Amino acid sequence: MDGARVDSWVEFTVFQYTGENARANMPEPNIHSEREQAHRLLDALPDDKISAVRNLLAVMLDPVSRAISNAPYDDEPECDSEREAVARSKAWLAEHPSEGFPLEEVMAELRVPPKDNRR
């Protein structure tokens, strides 16, 4: 499927299934049709986007990743005991500089790209 046809198909699909009458316009789910549409979209992607989709699918299928991504944001303020524990760990690392692990090294070992490193 060429790029122009894919763009038209995507625009039609988005138009057809959005707005006030979205539920009325949506057909009954058909897993075979859904897979075919997903394959068409995947086949139309440029090569530089394939790895992003593969990573997304891997995360969607991994129960631990799903649980982490659905976990609520920890917005509780840091308590005194947490601040003290962090201070102790920083002091220990200052006294033992060769025994710690740089964040960049850990992230590389986990194969997390630097741009995904959210401190």
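Sequence order as written defines the numbering, with residues in each chain counted from 1. Confidence filtering applies because this is a predicted model: local features only for residues at pLDDT of at least 70, side-chain atom pairs given and counted only at 80 or more, and all residues used for totals across whole chains, interfaces and linings. Only hydrogens and water are removed before side-chain values are computed, so all heavy atoms of the structure are retained for them.

Asks: Now, about the overall build of the protein: what can you tell me, with residues and values included?
Replies: Every helix listed is a DSSP run of H or I at least four residues long, and every strand listed is a run of E at least two residues long, numbered separately from the N terminus. The helix and strand tally for the protein stands at seven helices and zero strands. In the protein, the succession of α and β elements from N to C terminus is α-α-α-α-α-α-α. For the protein, buried positions account for 4% of its 119 residues. For the protein, the accessible area works out to roughly 10900 Å², and carbon and sulfur atoms hold 56% of it. Exposed residues in this analysis have more than 50% of their type's maximum accessible area, buried residues have under 20%, and partly exposed residues fall in between, with area computed by a 1.4 Å probe over protein chains only. Calculation of accessible area relied on Shrake-Rupley with a 1.4 Å probe; when residues are assessed, cover is drawn exclusively from the protein chains displayed.

Asks: A description of the packing of helix α4 (residues 47-61) against helix α5 (residues 63-70) should follow, citing residues and the corresponding values.
Replies: Axes, fitted as lines to C-alpha atoms, cover a helix only where it is in contact. Angles between the N-to-C directions of the axes lie from 0 to 180 degrees. Relative to each other, α4 and α5 sit at 90°, their axes nearing to 5 Å. It follows from the interaxial angle that α4 and α5 lie roughly perpendicular. Taken together, the residues of α5 that come into contact with α4 (itself represented by V59, M60 and L61) are P63, S65 and R66. The scheme is simple: roughly parallel for angles under 35 degrees, roughly antiparallel for over 145, roughly perpendicular for 65 to 115, oblique for anything else. Note on contacts: a residue pair qualifies if any of its non-hydrogen atoms lie within 4.5 Å across the two residues.

Asks: Please set out a negative patch on the surface residue by residue, giving values where relevant.
Replies: Patch rule: a residue counts if its relative accessible area is over 30% and it has no salt bridge; like charges are joined within 9 Å, and nonpolar side chains (Val, Leu, Ile, Met, Phe, Trp, Tyr) within 5 Å. By salt bridge we mean one thing: a side-chain nitrogen of Lys or Arg within 4 Å of a carboxyl oxygen of Asp or Glu. The convention is simple: Lys and Arg are positive, Asp and Glu are negative, and His and the chain ends are not counted. Note on charges: their place is set at NZ of Lys, CZ of Arg, CG of Asp or CD of Glu. A contiguous patch of negative charge, built from D74, D75, E76, E78 and E82, is present on the exposed surface. Mapping D74 onto the fold places it in the loop between α5 and α6 (80-95).

Asks: How would you summarise a nonpolar patch on the surface if you had to cite specific residues and measurements?
Replies: Together, L56, L57, M60 and L61 line one region of the surface with nonpolar side chains, adding up to about 430 Å² of accessible area. With respect to the helices and strands, the residue L61 is situated in helix α4.

Asks: So, the confidence of the model for the protein: which residues are in play, and what are the values?
Replies: Confidence scores here are pLDDT values: one per residue, from the predictor, ranging 0 to 100. Per-residue pLDDT for the protein has a mean of 78; in total, 71% of the residues score no lower than 70. When pLDDT is averaged over each helix and strand of the protein, the minimum, 53, is found for helix α1 (residues 3-16) and the maximum, 94, for α6.

Asks: Pulling in residues and values, what's your account of unusual backbone geometry?
Replies: Positive phi values are uncommon outside glycine, yet R111 reaches one of about 60°. Secondary-structure assignment places R111 in the segment after α7 (103-109).

Asks: Tell me about the environment of P114, and name the residues and values.
Replies: Tracing the backbone through its elements, the reader meets P114 in the segment after α7. Looking at P114, the relative accessible area reads 74%, which means it is exposed. Separated by ten residues in sequence, P114 and E104 place their C-alpha atoms 7.6 Å apart.

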